[in-house]
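Remarks on the overall topology
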Amino acid sequence: MRHSLAAGGACVPELADLSVEDVGAGAGQMGEVLRCRLTWEDAAPDLPGSVIVKLPSMSPRTRRISRGMRLYKREYVFYRHIAPEAPVRSPRMLYGSYDARRDDFVLVLEDLAGMVSEDILEGAGPERTRSALRSIAALHGRYWNRVHAPPLSNRCEVIGTRIRVLAQIAYLAALPRTLDRFGTAFTPETRRLAEDLGPKVSEFMRGLLSGPASFVHADYHLNNLFFDPASGEVAVIDWQTSGPNNPLLDVALFMSRSVTAEARRGMEREAVEAYGEALRRAGVEGFGLEECWRHYRMSMLFSLLIMILGAGNLGSGDRLDSRDFENILRRATTAAGELDAAEFVPGRRRFASPAWTFSALSGLYTAIRR
């Protein structure tokens, strides 16, 4: 620990004591997350009393998923190249390294002591929702349609065919387990929507990327946010899924997971309008409210997709038990149904493009499973 903090050339005294707490266990993390409490031989006001350390998972299956989706690389790239200039607060990286050959990494991060988190089951109210959406809008505005320019170019992977195919295979595997375990979270209409999406995941994701693009968090919900109790400033953690994508994904993910269905109905249109206004303040032009609303509705289908993937792979050790997870899944299915997200399930193509062929084969797979 001392050597990692001294890697930048700082003079760091010897450690008198170090205690380690596992803060990632049961949280659905794709790696190990530890809080290290530090006692120094020579006290100094600029030395941290605690840090967060992120390491690769000890599960071979999780390591394979992380390598396939580039999760460790994405987070390292964010902290190393994006965070220093991004207009959103995140934990300061004190040390970081990534080995591309082994897909191995270590991050030593600032511990966000003094900031508070909110209970995702209770849900965010209007004030927290506005703060969360203003914060992410500032990030989106900075990189709006600039994903092929520095610092994102040649560093942040745009979702291509490989990842879309992996996502579709994973969805088709997760959907039967989700429906078996959490079937009561679906109405007949949303169950049919989830099944119709199955063979069209790859094509849907490609269409989602045809709209505006920016740098997004892609797992934006209350469990990954901390709030300054005095200023209300938002700090965002867990950037493993970050990268170029449709910016309305973050808005839909937050509204469908971190806000109860009743609260969402009461503030939804106003919240999306406030997000659009924050984009304009960040310099985004030519993106009107109706287009913003359409991409928000489309992104709600992606939120449903992500929740089904999570539900199908929920383990017994996850922090949210089955009943709690089902409540959040129901928020996502309800939002997708009420916003008529079924409109955005791709229709059949007239000609057999590669994407159509893959969708057709996936449809055959779904039929066989049924």
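Residues numbered from 1 in each chain as written. Predicted model: local features only at pLDDT ≥ 70, side-chain atom pairs only at ≥ 80, totals over all residues. Heavy atoms only, no water.

1. Section: the packing of aromatic side chains
Counting across every chain of the model gives 11 aromatic pairs. With a centroid separation of 6.2 Å and 65° between ring planes, the pair formed by Y143 and F215 is classed as edge-to-face. Highlighted residues: Y143 in the loop between α4 (126-142) and α5 (161-182) and F215 in strand β6 (residues 214-216), separated in sequence by 72 residues. When sorted by exposure, Y143 lands in the same class as F215, which is buried. For the pair F215 and W239, a centre-to-centre distance of 6.4 Å together with 25° between the ring planes defines the contact as stacked. In this pair, F215 is assigned in strand β6 and W239 in the loop between β8 (234-236) and β9 (243-245), connecting sequence segments 24 residues apart. On the accessibility criterion, F215 (1% relative accessible area) is buried. Ring pairing ties together the aromatic residues F78, Y79, Y143, F215 and W239, which thus form one cluster. Between R128 and the ring centre of F227, over which it is positioned, the NZ or CZ distance is 4.2 Å. In this arrangement the basic side chain of R269 is found over the ring face of W293, its NZ or CZ atom lying 4.5 Å from the centre. (Phe/Tyr/Trp six-rings, centres within 6.5 Å; stacked < 30°, edge-to-face > 60°. Helix = DSSP H or I, 4+ residues; strand = E, 2+ residues; numbered from the N terminus. Buried < 20%, exposed > 50% of the residue type's maximum accessible area, 1.4 Å probe, protein only. Lys NZ or Arg CZ within 6 Å of the ring centre and 35° of its normal.)

2. Describing the packing of α5 against helix α11 (residues 322-338)
Any two packed helices are characterised by how steeply their axes cross, that is the angle between the axes, and by the distance between the axes. Orientation of α5 relative to α11, taken along the N-to-C sense of each, is 110°, at an axis distance of 11 Å. Between α5 and α11, the crossing angle belongs to the class labelled roughly perpendicular. Contacts between α5 and α11 involve T178, R181 and F182 from the former and S322, F325, E326 and L329 from the latter. Of the residues belonging to the contact of α5 with α11, the class tally is three nonpolar, two polar and two charged. (Axes fitted to C-alpha atoms, helices over the stretch in contact; angles between N-to-C directions. Parallel < 35°, antiparallel > 145°, perpendicular 65-115°, else oblique. Contact = heavy atoms within 4.5 Å. Nonpolar A, V, L, I, M, F, W, Y, C, P; charged D, E, K, R; others polar.)

3. Quick notes on the sheet that holds strand β5 (residues 104-110)
Read across the sheet, five strands follow the order β1-β2-β3-β5-β4 without closing on themselves; strand pairing throughout is antiparallel. Pairing within the sheet leaves two strands with one partner each, and these edge strands are β1 (15-22) and β4 (93-99). The average undirected angle you get between the axes of adjacent strands in this sheet is 20°. Examined bridge by bridge, β1 and strand β2 (residues 31-40) share seven bridges and lie antiparallel to one another. Of the residues in β2, the one forming a bridge with D17 is T39. Where helix α3 (residues 71-82) meets the sheet, it contacts β2, β3 (50-56), β4 and β5, and its direction lies at approximately 140° from that of β4. (Pairing = 2+ DSSP bridges.)

4. Observations regarding empty space enclosed by the protein
Taken as a whole, this structure holds one cavity of 30 Å³ or more when the rule is applied. Considering only enclosed or pocket space, the largest cavity measures out at about 70 Å³ in volume. In terms of lining, the largest cavity is formed by R70, K73, R74, V77, R155, C156, E157, F215, S242, G243 and P244. Here the element with the most residues in the lining of the largest cavity is α3; it accounts for three residues. By residue class, the composition of the lining of the largest cavity is four nonpolar, two polar and five charged. (1 Å grid on protein atoms, 1.4 Å probe; cavity = no way out; pocket = protein on both sides within 12 Å on 5 of 7 lines; lining within 4 Å. Points joined across faces, edges and corners; volume = space filled by probe spheres on them.)

5. With respect to the confidence of the model for the protein chain
Scored by pLDDT, the protein chain comes out at a mean of 88, with 87% of its residues at no less than 70. Low pLDDT, under 50, characterises residues 348-353; the stretch is placed with seven contacts to residues that sit more than four places away or in other chains. (pLDDT = per-residue confidence, 0-100.)

6. Some points on the pattern of salt bridges
Throughout the structure, instances matching the rule amount to 18 salt bridges. Its salt-bridge partner being R269, residue E290 comes within 2.7 Å of it at the nearest N-O pair. On the criterion of sequence distance, the pair formed by E290 in helix α10 (residues 289-312) and R269 in helix α9 (residues 261-281) is long-range, its members being 21 residues apart. The salt bridge partner of E326 is R330, with a shortest N-O separation of 3.2 Å. Placement of both E326 and R330 in helix α11 is noted, with a separation of four residues, approximately one turn of the helix. (Salt bridge = Lys/Arg side-chain N within 4 Å of Asp/Glu carboxyl O.)

7. Comments concerning α4
In this model α4 runs 24 Å from its N-terminal to its C-terminal C-alpha over 17 residues, within 8% of the 24 Å that 1.5 Å per residue would give. By the burial criterion, the buried members of α4 are R128, T129, S131, A132, L133, S135, I136, A137, L139, H140 and G141. Against β6, β7 (225-227), β8, α8 (248-257) and α9 lie the buried residues of α4. (Expected span 1.5 Å × (residues − 1).)

8. What to know about the environment of S303
One can find S303 in helix α10. As for S303 and R257, which are separated by 46 residues in sequence, their C-alpha atoms are 8.4 Å apart. The contact partners of S303, leaving out residues within four places of it in the chain, are A252, L253, S256, R257 and A332.

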